[in-house]
Amino acid sequence: MGANVLVYIESRGGRALAGSVQLLTLAAQIAAGGRVEAVVVGPDAATIAANVAKRGAAAVHTVEGEPFAMYGALAYARAVEQAMKQAQASVLLLATSEQSRDFAPRVAARLNATMATDCTHVEIAGDALRVQRPMYARKCMVEIEMPGGVRVLSVRPNTFEAPGEGTPGSVSPLSVTLDAGDAKARTLESVRSGGQAMDVAEADVIVTGGQSLKTTENFKILQELADELDGAVGATRAAVDAGLQPYPKQVGLTGKTVTPRLYIACGVDGAVQHLAGMRGSKIVVAINTKKEAPIFGEATYGCVADLFTLVPLITQEVKKLHGASA
Ligand SMILES: Cc1cc2nc3c(=O)[nH]c(=O)nc-3n(C[C@H](O)[C@H](O)[C@H](O)COP(=O)(O)OP(=O)(O)OC[C@H]3O[C@@H](n4cnc5c(N)ncnc54)[C@H](O)[C@@H]3O)c2cc1C
């Protein structure tokens with residue numbers, strides 16, 4: 001397509017989110033002869049940028065300093081808008097997240113861009129981009145053609161594989177000029193919900209439990225497997241309503257939408273409202289005692305079994321595999 005493409009690298013706790021880094025692969029496909037650049041905003045931007053620069057970005061812009069110390073839509077939108085201008089980019093890619101939902105529309109409006117959010121498929125058709133995105137809780141998919149001009153796309157994590165490491169691009173600070181309006185709202189405090197546990201929306205592997213787990217204590221069985229697989233624990237709404245797990249772990253229509261590589265549903269019935277949040281998972285393993293449970297209709301692998309027996313056995317086997325490869 002020959003366009004300059006900018007990727008917004010979202011970060012948390014000093015690390016780039018995988019969903020953002022994966023977009024460097026798409027950026028290279030869209031750029032095809034143009035330049036791929038990236039922008040990292042916030043604390044530790046320089047350290048994060050050094051890693052990102054090894055993954056195919058010709059230049060990584062870093063934006064640090066007091067106004068960017070904590071996420072705020074106004075300042076971050078201004079930073080990304082100016083990075084777009086600096087990179088002379090006509091395509092901006094962001095990972096679908098709470099943050100990009102919040103500030104990317106402002107960037108699109110300022111750049112007079114066409115925007116498509118939460119894309120699950122992106123195709124290059126000459127100078128146009130053809131994207132697919134789910135609507136009505138994934139009951140239907142819409143296809144949108146974005147013919148030209150400036151385009152802003154947010155893409156679901158795990159839609160693309162992250163590129164491998166190569167010759168590093170340059171890393172340089174970008175000086176961002178904020179205007180008076182950007183100071184109208186300022187973030188004073190940011191509290192991570194769900195404690196230090198990995199966020200299901202960012203996890204590559206999710207082990208989800210339903211209300212059949214019965215107690216919070218029993219969820220430790222799932223946590224142990226999730227820890228072994230470097231993943232997160234999720235929950236159905238019934239489990240959350242019963243007070244077994246906090247709301248940030250809820251997957252589904254009224255919870256989070258997730259797209260992990262591996263989703264292990266333990267004692268989850270598979271109600272449509274739950275499926276709406278996890279249908280984009282690459283591999284689904286369902287463990288349920290009831291062979292008619294709707295979750296089996298979504299499963300890549302189904303096990304008609306008692307989760308209290310099977311999950312610890314799986315954990316044991318994974319531990320053995322990890323032990324053997326250590
Ligand atoms: C407007 C609206 C929004 C909603 N939003 C959401 C949402 O965001 N997310 C969500 O999850 N739900 C949502 N729901 C609720 C949804 O309809 C279901 O009620 C809920 O998902 C069921 O949760 P569950 O699978 O834990 O429980 P259940 O339906 O009670 O299913 C439990 C399952 O566990 C199995 N089981 C029992 N014991 C064992 C065992 N020992 N080993 C293995 N399997 C076992 C059973 O066979 C059964 O299939 C919503 C509902 C409404 C009306």
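If you're wondering where the values come from, they're calculated on a predicted model, not measured in any experiment.

Can you walk me through the site of the ligand in this structure?
Among the 26 residues in the neighbourhood of the ligand, the closest are listed as Gln 211, Thr 236, Thr 254, Asp 269 and Asn 288. For the ligand, an oxygen atom lies 2.7 Å from a polar atom in the side chain of Thr 236. Backbone polar atom of Gly 267 to an oxygen atom of the ligand: 3.1 Å apart, as the coordinates give it. In this structure, the ligand is accommodated by the second largest pocket. Of the residues assigned to the shell around the ligand, the class counts are nine nonpolar, 13 polar and four charged.

It is not clear to me how empty space enclosed by the protein should be interpreted in this structure. Could you clarify?
If you roll a probe as big as a water molecule over the atoms, it shows you where there is empty space left. One pass over the full model with this rule turns up one cavity of 30 Å³ or more. Considering only enclosed or pocket space, the largest cavity measures out at about 30 Å³ in volume. Residue lining of the largest cavity: Thr 96, Ser 97, Ser 100, Arg 101, Ala 104, Met 115, Thr 117 and Ser 154, and that is the complete set. Counting only elements with at least two residues in the lining of the largest cavity, the list comes to helix 5 (98-110) and strand 7 (114-119). Per-element accounting of the lining of the largest cavity gives the leading share, three residues, to helix 5. Here the lining of the largest cavity is composed, by residue class, of two nonpolar, five polar and one charged.

Sorry, what's going on with the layout of surface pockets here?
Considered as a void within the structure, the second largest pocket measures approximately 420 Å³ in volume. Forming the walls of the second largest pocket are 26 residues, and the residues nearest its centre are Gly 210, Gln 211, Gly 267, Val 268 and Asp 269. Contributions of two or more residues to the lining of the second largest pocket are made by helix 7 (237-241), helix 8 (272-278), strand 16 (283-288) and helix 9 (307-325). The class makeup of the residues in the lining of the second largest pocket is nine nonpolar, 13 polar and four charged.

Procedures and definitions
Residues numbered from 1 in each chain as written. Predicted model: local features only at pLDDT ≥ 70, side-chain atom pairs only at ≥ 80, totals over all residues. Heavy atoms only, no water. Near = heavy atom within 4 Å. Polar contact = N/O pair within 3.5 Å; in protein donor to acceptor, adjacent residues only side chain to side chain. 1 Å grid on protein atoms, 1.4 Å probe; cavity = no way out; pocket = protein on both sides within 12 Å on 5 of 7 lines; lining within 4 Å. Sits in = over half its atoms within 2 Å of the grid points. Nonpolar A, V, L, I, M, F, W, Y, C, P; charged D, E, K, R; others polar. Points joined across faces, edges and corners; volume = space filled by probe spheres on them. Helix = DSSP H or I, 4+ residues; strand = E, 2+ residues; numbered from the N terminus.

That is the geometry; function is a separate question.
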